[in-house]
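Okay, here's what each chain looks like letter by letter:
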Amino acid sequence: VSASAIDAERVIADLRELDRRTGGSDGAQRVAWTEGWRSARSFVGELLGELGIEPDQDAAGNLWARLPGRQPEPGLGLGSHLDSVPGGGWLDGALGVMTAVGVLRAFVQSGRTPARTLWLIDWADEEGAAFGHSLFGSSAFAGMLDLAAVSLLRDREGTPIAEVLAQWDVDLQGALAAGARRDRLRGYLELHIEQGPRLESEGLPVAAVSGCVGVERHRLLFSGAAAHAGSTPMELRHDAGLSAMETALAVERIARSAGGVATVGSLSLQPGIATAVPGQAELLLDLRHADAAELASMLAASLSAARGSAEERGCEMRSELVWSAPGTAFDAHLVDCARAACRTIAGTERTLPSGALHDAVAVASVLPVAMIFSASIGGVSHERGEDTSEADLVAAIRTFALLVERTLDD
Ligand SMILES: [Zn+2]
């Protein structure tokens, strides 16, 4: 089976049919643990049924389908997620699952047996739309699900997560048993849309993904002295707001020179009225970089800029960690293979880190992993306007199929 054997048009037709069944003008309605998700899975079940393959579900609700190879175990995992955010896009996650179906179809229809067993995996609840916990199924598989914390989660109606999952034959306390299936795989490959504007801006249809950026999220609190806006001369002020704003601008410069990204997504001032100098200011800082050392130095430089600005204005600054996640590097050899597949199919090669989390990032903690991104028009995702040109989809599907073929032969 070669890349040209995969019927990319059929994969796109399947994606359109999925969108017709579970999406439409209000966007994709495939939130995990809902009826929309059930219809999406039963459609994939129908497609696999046409190939004589019957999927089953693991202890965390992940869907698995097997195409036996000449060497049975361990096999190669191919997948992504069918679940969406409410009103999401038609391609996020679905592209990877439907392309994996397309790879199995190419083998079955050509009558050839893959060198190794292929496993299609549709990870459960990647988006975390119902309970606010992303990567549920893939984290359980990787043994990284914090059961004590997850058990406390409730959906918008206040229903505990364990109760909802029980309706899907998932016993939350037993979800980590999904990890027993790790022995089935020796590697995992995922195709996903980029969900950002980089490929489009560089005129690339596809790229290899080197891993996932690390994240440092901190709350910075500045305290000065609230004072009357009219009667307090400029030189006698301790303006906490200006310290925060200066910090936001400094952080932008730091990110630009470090080649990372930094965002001050929230800035609040107290007392927050036109007639008072802000006595308190709080900002939320989100820093991301693929390189751990660069990320650490971005954080150090940002905090020192904040401290410096506070000192200059006679204010105080303290910071609190909100959340952090280390960066993930995918398997160097598989990433090379992914880059080579991009070159063969699209004539271009580019490797870039993912700025967003994916199931592959969780899986990468226990298995060699690589990903391919397809371009996203305007970088739009998580909404119904999410799209990729037909030509770029075809290139991405064929690139992924070639990567699978080469990895099987490896
Ligand atoms: Zn996704």
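Preceding this section is the structure that the text describes.
Residues numbered from 1 in each chain as written. Predicted model: local features only at pLDDT ≥ 70, side-chain atom pairs only at ≥ 80, totals over all residues. Heavy atoms only, no water.

> How would you explain the overall build of the protein chain if you had to name every residue and give the values?
If you tally the helices and strands in the protein chain, you get twelve helices and 15 strands. The C-alpha radius of gyration of the protein chain comes to 24 Å, within 12% of the 22 Å expected for a compact globule of 410 residues. In terms of overall dimensions, the protein chain has C-alpha extents of about 85 × 50 × 40 Å along its principal axes. Counting all 410 residues of the protein chain, 52% fall into the buried class. Counting every atom, the protein chain has about 16,800 Å² of accessible surface; 50% of that belongs to carbon and sulfur. Side chains of the protein chain give 34 positive and 55 negative charges; the mean places of these two sets differ by 3 Å. (Helix = DSSP H or I, 4+ residues; strand = E, 2+ residues; numbered from the N terminus. Rg over C-alpha atoms; globule rule 2.2 N^0.38 Å. Buried < 20%, exposed > 50% of the residue type's maximum accessible area, 1.4 Å probe, protein only. Areas by Shrake-Rupley, 256 points an atom, 1.4 Å probe, with all protein chains shown as cover. Lys, Arg positive; Asp, Glu negative; His and termini not counted. Charge placed at Lys NZ, Arg CZ, Asp CG, Glu CD.)

> Describe in detail unusual backbone geometry, supporting the description with residues and values.
Following Glu73, the chain continues to Pro74 via a peptide bond in cis, the omega torsion being -5 degrees. Following the sequence through the fold, Pro74 ends up in strand β3 (residues 71–80). Phi at Asp125 is positive, roughly 50 degrees, even though this residue is not glycine. Of note, Asp125 is situated in the loop between β4 (116–122) and α4 (136–142). Judged by relative accessible area, which is 2%, Asp125 ranks as buried. Of note, Asp169 is a non-glycine position whose phi angle comes to about 60 degrees, a positive value. By secondary structure assignment, the location of Asp169 is in the loop between α6 (161–166) and β5 (185–193). Relative accessible area serves as the criterion here: at 71%, Asp169 is assigned to the exposed category.

> Describe in detail the coordination of the zinc ion, supporting the description with residues and values.
At this site the zinc ion is bound by His81 (NE2), Asp92 (OD) and His192 (NE2), with donor distances of 2.0 to 2.2 Å. One chain supplies every donor to the zinc ion, and in sequence these donors are spaced H-x10-D-x99-H. Here His192 lies in strand β5 and His81 lies in the loop between β3 and α3 (94–110), a separation of 111 residues in the sequence. Accessibility classification places His81 together with His192 in one group, the buried group. (Donors = N, O, S within 2.8 Å, 3.2 Å for Na, K, Ca; no water.)

> Residues and numbers for the nonpolar core, please.
Trp33, Leu118 and Phe136 are the most contacted members of the largest nonpolar core, which totals 97 residues. Non-local contacts of Phe136, meaning those with residues more than four positions away in its chain, are made with Trp33, Ala60, Ala124, Asp125, Leu145, Val150, Ile161, Leu165, Leu172 and Ala175. Membership of the second largest hydrophobic core comes to 20 residues, among which are Ala255, Ala281, Ala310 and Cys315. (Core = buried A, V, L, I, M, F, W, Y, C linked by side-chain atoms within 4.5 Å. Contact = heavy atoms within 4.5 Å.)

> Could you give an account of helix α10 (residues 332–346), naming the residues involved and the relevant values?
When the terminal C-alpha atoms of α10 are compared, their 21 Å separation across 15 residues agrees well with the 21 Å that a helix rising 1.5 Å per residue should span. Elements that come into contact with the buried residues of α10 comprise β5, β6 (206–212), β14 (351–354), β15 (369–374) and α12 (390–409). Following α10 by one or two positions, Gly347 adopts a phi angle in the positive range, close to 75 degrees. (Expected span 1.5 Å × (residues − 1).)

> Any details on the packing of aromatic side chains? Residues and values, ideally.
Scanning all chains against the criterion turns up nine aromatic pairs. Here the aromatic rings of Trp37 and Trp168 are separated by 4.9 Å at their centres, their planes lie at 50 degrees, and the arrangement is tilted. Here Trp168 lies in the loop between α6 and β5 and Trp37 lies in helix α2 (residues 35–50), a separation of 131 residues in the sequence. The pair formed by Trp37 and Trp168 is uniform in burial state, with each residue classed as buried. Pairwise contacts between aromatic rings join Trp64, Trp119, Trp123, Phe141 and Tyr188 into one cluster. (Phe/Tyr/Trp six-rings, centres within 6.5 Å; stacked < 30°, edge-to-face > 60°.)

> Pulling in residues and values, what's your account of the packing of helix α1 (residues 8–22) against α3?
Close contact between α1 and α3 brings their axes to 9 Å; oriented N to C, the two are set at 135 degrees. Comparing their axes, α3 and α1 come out oblique. Two packed elements cross with a definite hand, and for α1 against α3 that hand is right-handed. Where α1 approaches α3, its residues Arg10, Val11, Asp14, Leu15 and Leu18 are matched on the opposing element by Ala94, Leu95, Met98, Thr99, Gly102 and Arg105. Along the lines of polarity and charge, the residues of the contact of α1 with α3 split into six nonpolar, two polar and three charged. (Axes fitted to C-alpha atoms, helices over the stretch in contact; angles between N-to-C directions. Parallel < 35°, antiparallel > 145°, perpendicular 65-115°, else oblique. Left-handed = near helix turned anticlockwise from the far one by under 90°. Nonpolar A, V, L, I, M, F, W, Y, C, P; charged D, E, K, R; others polar.)

> An account of the sheet that holds strand β11 (residues 280–289) is needed here, citing residue identities and associated values.
The strands that make up a sheet are held in pairs by hydrogen bonds between backbone atoms, and each pair lies either parallel or antiparallel. Reading across the sheet, the four strands line up as β9-β11-β7-β12 and stay open at both edges, with antiparallel pairing between neighbours. The open sheet has two edge strands with one neighbour each: β9 (261–270) and β12 (316–325). Strand-to-strand twist in this sheet, taken as the mean axis angle between neighbours without regard to direction, amounts to 15 degrees. Pairing of strand β7 (residues 214–223) with β12 involves nine bridges; the strand directions are antiparallel. Bridge pairing in β12 places His218 opposite Leu321. Set on the sheet, helix α8 (residues 240–258) makes contact with β7, β9 and β11; between it and β11 the angle comes to about 10 degrees. (Pairing = 2+ DSSP bridges.)

Just geometry here; none of it tells us what the structure is for.
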